[in-house]
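Architecture at a glance
Read off the chains here:
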Amino acid sequence: MRAPEYRRGSVGEGVLNPPTAPGRLLDLYGEAGLSRTNGTLHLDRVSLPQIADQIGTPVFVYNAEAIRERYRTLHSALAPLPHRICFALKANSNLAVLKILRELGAGVDIVSAGELARALAAGFAADKIVFSGVGKTRNELQAAVKAQIGHLNLESPEELELLGRVAEHERRRVHVGIRVNPDVTTDTHPYISTGKSGIKFGLPTDQVLPAAEYILRHPWLELTTLAMHLGSQIVDTEPFLQGIARLTELVRGVRSIGVDTLRVLDIGGGLGIRYAEERSIDPVDFAAAIIPRLAPTGLTIYLEPGRFLVGSAGVLLTRVLYRKHSGGKEFVVVDAGMNDLVRPSHYQAYHEIVELEERGRPSVRADVVGPVCETGDFLALDRMLPGLQSGDGLAILGAGAYGFVMASNYNSRVRPAEVIVDGDRWWVARPRERVEDLFSTERLAP
Ligand SMILES: Cc1ncc(COP(=O)(O)O)c(C=O)c1O
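To keep things clear, this report deals only with the structure shown in the data block. This structure is a prediction, so every number in the text was calculated from the model and none was measured.

Let's talk about the overall build of the protein chain
Across its full length, the protein chain carries 12 helices and 21 strands. Taken over C-alpha atoms, the radius of gyration comes to 23 Å for the protein chain, in line with the 22 Å a tight globule of 446 residues would show. Seen through its principal axes, the protein chain has C-alpha atoms that stretch 70 × 60 × 40 Å. Out of the 446 residues belonging to the protein chain, those deemed buried represent 57%. Of all intrachain contacts in the protein chain linking residues separated by at least 6 positions in sequence, the fraction that spans at least 24 positions is 71%. Charge centroids of the protein chain, computed over 50 positive and 53 negative side chains, lie 2 Å from each other.

What to know about the sheet that holds strand E1 (residues 34–37)
If you trace the 3 strands from one edge of the open sheet to the other, you get E1-E2-E3, paired in antiparallel fashion. A strand with exactly one partner marks an edge of an open sheet, and here the two such strands are E1 and strand E3 (46–47). Bridge count between strand E2 (residues 40–43) and E3: 2 bridges; the pairing is antiparallel. Looking at the pairing, His 42 lines up with Ser 47 of E3.

Section: the pattern of salt bridges
Counted by the stated rule, this structure contains 25 salt bridges. Of the charged contacts in the structure, one is a salt bridge between Arg 173 and Glu 222, with a shortest N-O distance of 2.9 Å. On the criterion of sequence distance, the pair formed by Arg 173 in the loop between helix H7 (157–170) and strand E9 (174–181) and Glu 222 in strand E11 (residues 221–227) is long-range, its members being 49 residues apart. Judged by relative accessible area, which is 48%, Arg 173 ranks as partly exposed.

Some details on the site of the ligand
What surrounds the ligand is a group of 15 residues, the closest being Ser 232, Gly 270, Glu 304, Arg 307 and Tyr 402. With respect to the ligand, the side chain of Asp 109 contributes an N or O atom lying 3.3 Å from a nitrogen atom. The separation between an oxygen atom of the ligand and a polar main-chain atom of Gly 306 is 2.8 Å. Protein chains shield 91% of the accessible area of the ligand, which is 400 Å² for the free molecule. Looking at the shell around the ligand, its residues break down into 3 nonpolar, 7 polar and 5 charged.

Regarding the packing of aromatic side chains
Taken as a whole and assessed by the stated rule, the structure comprises 3 aromatic pairs. Here the aromatic rings of Phe 60 and Tyr 62 are separated by 6.4 Å at their centres, their planes lie at 25°, and the arrangement is stacked. Each member of the pair, Phe 60 together with Tyr 62, is buried. With a centroid separation of 5.0 Å and 80° between ring planes, the pair formed by Phe 240 and Phe 286 is classed as edge-to-face. Of this pair, Phe 240 sits in helix H9 (residues 238–256) while Phe 286 is found in helix H10 (residues 283–294), placing the two residues 46 residues apart along the sequence. Across the pair, exposure class does not vary: Phe 240 and Phe 286 are buried alike.

Let's talk about the packing of helix H3 (residues 64–77) against H10
For the pair H3 and H10, interaxial distance at closest approach is 9 Å and the crossing angle is 30°. Looking at the two axes, H3 sits roughly parallel to H10. In the packing of H3 onto H10, the handedness of the crossing is right-handed. Contacts between H3 and H10 involve Thr 73, Leu 74 and Ala 77 from the former and Pro 283, Val 284, Ala 287 and Ile 291 from the latter. Residues of the contact of H3 with H10, tallied by class, amount to 6 nonpolar, 1 polar and no charged.

Examining unusual backbone geometry
Here the residue pair Thr 57 and Pro 58 is connected by a cis peptide bond, since its omega of -5° sits within 30 degrees of zero. Relative to the assigned elements, Pro 58 resides in the loop between helix H2 (48–55) and strand E4 (59–63). Of note, the phi angle at Asn 38 is positive, near 50°, even though the residue is not glycine. The class for Asn 38 is exposed, based on a relative accessible area of 79%. One non-glycine residue, Asp 183, adopts positive backbone phi at about 60°. By the secondary structure assignment, Asp 183 is in the loop between E9 and strand E10 (203–204).

Concerning the pairing of strand E18 (residues 378–386)
Among the 9 residues of E18, 7 are classified as buried, and the element is accordingly described as predominantly covered. As paired elements, strand E17 (residues 363–369) and E18 share 6 bridges and run antiparallel to each other. Its bridge partner being in E18, Ser 363 is matched across the sheet by Pro 386.

Calculation rules
Residues numbered from 1 in each chain as written. Predicted model: local features only at pLDDT ≥ 70, side-chain atom pairs only at ≥ 80, totals over all residues. Heavy atoms only, no water. Helix = DSSP H or I, 4+ residues; strand = E, 2+ residues; numbered from the N terminus. Rg over C-alpha atoms; globule rule 2.2 N^0.38 Å. Buried < 20%, exposed > 50% of the residue type's maximum accessible area, 1.4 Å probe, protein only. Contact = heavy atoms within 4.5 Å. Lys, Arg positive; Asp, Glu negative; His and termini not counted. Charge placed at Lys NZ, Arg CZ, Asp CG, Glu CD. Pairing = 2+ DSSP bridges. Salt bridge = Lys/Arg side-chain N within 4 Å of Asp/Glu carboxyl O. Near = heavy atom within 4 Å. Polar contact = N/O pair within 3.5 Å; in protein donor to acceptor, adjacent residues only side chain to side chain. Areas by Shrake-Rupley, 256 points an atom, 1.4 Å probe, with all protein chains shown as cover. Nonpolar A, V, L, I, M, F, W, Y, C, P; charged D, E, K, R; others polar. Phe/Tyr/Trp six-rings, centres within 6.5 Å; stacked < 30°, edge-to-face > 60°. Axes fitted to C-alpha atoms, helices over the stretch in contact; angles between N-to-C directions. Parallel < 35°, antiparallel > 145°, perpendicular 65-115°, else oblique. Left-handed = near helix turned anticlockwise from the far one by under 90°.

This is the structure in structure tokens:
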């Protein structure tokens, strides 16, 4: 049996068995709006076993009130600054989730034409949409220009020239942001670290002034924004302060060459949440640290949080199919796999797993694995769990961000349903895919 150590490394997360103290579990419950009544797990006032029974498993369930709570906390912490919170739609793009955030006044951060269409379908005003991303196509730039979105964050000189041509062609004045790569190191998983020199994102600082000059001279482009996004699941404020220092220096530089159109400083997303025993960013402390550095710019501050707003508010419900014993190890085979929640396999991410009904059986150390034909298809490794039996329901916590949106049809598995809980009400916000959906557009011959 492998040693039950908790792998930390640069990942800050791990699939092995960290000692999630009971108090921490209560914190996770609190952030999600989870509670137990007579051993039955509830999300807000709705019984999760009831959803699992009626909708089947696997199913993602999101707590509307927990999302609202996160938004309001961040919004009020930032109140001393003119600001806008643009939800990074990539974290969870279900229209019902988007509606919850839109109704609170959020804007939205998108990275593709598909996300633009979703944002508009969810009713976001075009001027509250920010378009980021390193590889926007001509069609995507054109769609954004036609929709007259708030601004586009550009990431390379060639993209800037292309946008200039599109703007001229459409005869529309376009608001542009330059996404800066501030060369800041973050202690997060390398796959989600995006603000360091030598990775594909943003413009290196020495290319920012030439880009600003290009925009200044262009008749159809207007530089409104300097932007950064350092990465995801960042649990320290320090990298933000470093990035903000680079951005504010560039604000001075850009203004010194005659740009008088700057209105926004976009400090990106990346605020980390708690999955186990790690720290998470406290929005009040975060705001208190950044406000004095940002206020002197006189600019409106944009944030693009994704995970922070929705991550803790979602759970993935699954059911035990089989128990097996092999090679001296215990396995719990469940009906959710890496195609439903890829984070454990892809990022070695740790997700707490709890029973839907507490049964008080003695604990067992086991790997929780899915049905997909990959050895890397696991949800937990070497995890102490209550003795589980076929048919038992489980909730995988912290599954509201980068869960369903990263789900795939690998192994021709249908993607799960998505459910919203709001107080004592709940509804299916997206039904489970049907098997026929998987191949309905395929053709056997020309
Ligand atoms: C440009 C941009 N903004 C915001 C985010 C959201 O990050 P997070 O969910 O960590 O807040 C991302 C995530 O990749 C991103 O690429």
